[in-house]
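Structural overview
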Amino acid sequence: MSKKTQFNIHYTRTAVPDNLKTVTMQKGIPGTITLLQKGVFIHTTSGLSVREFMVDEIGLSPEYAETRVRAIFVNGSPVDDIDGVKIKDGDEISLSGALPGISGIAMCRDTPIGAFRSDISAKASGVVNSGEAKIHLKLFNLIAQEAGPTLLKKGVVVEASQVQKYLKENAPNGLPPEGGLVLLKI
């Protein structure tokens, strides 16, 4: 199933439909980082800059977003201009701390060797209409460890089967036996 078809129901942070069950888990359960690396879905607004998305939607502090989130990918393309690149419905966004090695350094923001990847870098978006957006979000390394709990406090949408797969025996009670999407929170 593609990432666009997995998230086929509407929810907002204030109104969760009856068919989307909220499942609460404890903070720090083994497997949570892997779940965040594989990706979760959040509902947001298209047209936000990547910076606005990180600060306003995920809940990162502006300083944290600027200094700790060193590698950002939107639909597989590295992002340097976090104010110029806008998000839209169906985007996949990956956030990471510094990446190791020369290729990792090349993929980080504001690096002198970033010019070598200019052909694959995300470009400023121009005008993106505001509207509902469902984003597939992946958090890696220190960002998953440090920012994951902030994101999970707000709640993320994920397949119940993925929660079971990555949290295994630590999966929270209350997952629907028939599977489907759940709103996962700590």
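For the structure itself, consult the block above.
Residues numbered from 1 in each chain as written. Predicted model: local features only at pLDDT ≥ 70, side-chain atom pairs only at ≥ 80, totals over all residues. Heavy atoms only, no water.

**Some thoughts on the pattern of salt bridges**
As enumerated under the stated definition, the model contains 8 salt bridges in all. Taking the shortest distance from any N to any O, the salt bridge between Arg109 and Glu66 comes out at 3.9 Å. On the criterion of sequence distance, the pair formed by Arg109 in the loop between helix 5 (101-107) and strand 6 (131-139) and Glu66 in helix 4 (residues 62-67) is long-range, its members being 43 residues apart. By relative accessible area, Glu66 is classed as partly exposed at 28%. Here Lys88 ties to Asp91 by a salt bridge, and the two come within 3.2 Å at their closest N and O atoms. Residue Asp91 is classed as buried on the basis of its relative accessible area of 2%. Bridged by salt links that share partners, the residues Arg51, Glu66, Asp83 and Arg109 form one connected network. (Salt bridge = Lys/Arg side-chain N within 4 Å of Asp/Glu carboxyl O. Helix = DSSP H or I, 4+ residues; strand = E, 2+ residues; numbered from the N terminus. Buried < 20%, exposed > 50% of the residue type's maximum accessible area, 1.4 Å probe, protein only.)

**Side note on helix 7 (residues 160-167)**
The α-helix winds at 3.6 residues per turn, so residues separated by three or four positions along the chain end up facing the same way. Restricting attention to buried positions, one finds in helix 7 the residues Ala160, Val163, Tyr166 and Leu167. Down the axis of helix 7, the sector holding all buried residues measures 140°, keeping them to one side. In the core, the buried residues of helix 7 are packed alongside helix 2 (32-38), strand 7 (156-159) and strand 8 (181-185). With its phi angle positive at about 50°, Lys168 sits one or two positions after the end of helix 7. (Arc of directions from axis to C-beta. Contact = heavy atoms within 4.5 Å.)

**Here's the deal with the pairing of strand 8**
Where a strand is regular, its side chains alternate between the two sheet faces. Most of strand 8 sits out of view: 4 of its 5 residues are buried. Relative to strand 8, strand 1 (residues 21-24) runs parallel, the two sharing 4 bridges. In the sheet register, Lys21 faces strand 8, and the bridge partner there is Val182. Judged from the 4 bridges that link them, strand 7 and strand 8 form a sheet pairing that is antiparallel. (Pairing = 2+ DSSP bridges.)

**What about the side chain of Ser49?**
Residue placement: Ser49 occurs in the loop between strand 2 (40-46) and helix 3 (50-58). When neighbours within four sequence positions are excluded, Ser49 is seen to be in contact with Ile82, Asp83, Val85 and Lys86.

**What about the pairing of strand 2?**
Burial of strand 2 is extensive: 6 of the 7 residues sit out of reach of the surface. Direction of pairing for strand 2 relative to strand 6: antiparallel, over a ladder of 7 bridges. Each residue of the ladder has a partner; that of Val40, found in strand 6, is Leu137.

In short, the description is geometric, and any link to function would need to be established separately.
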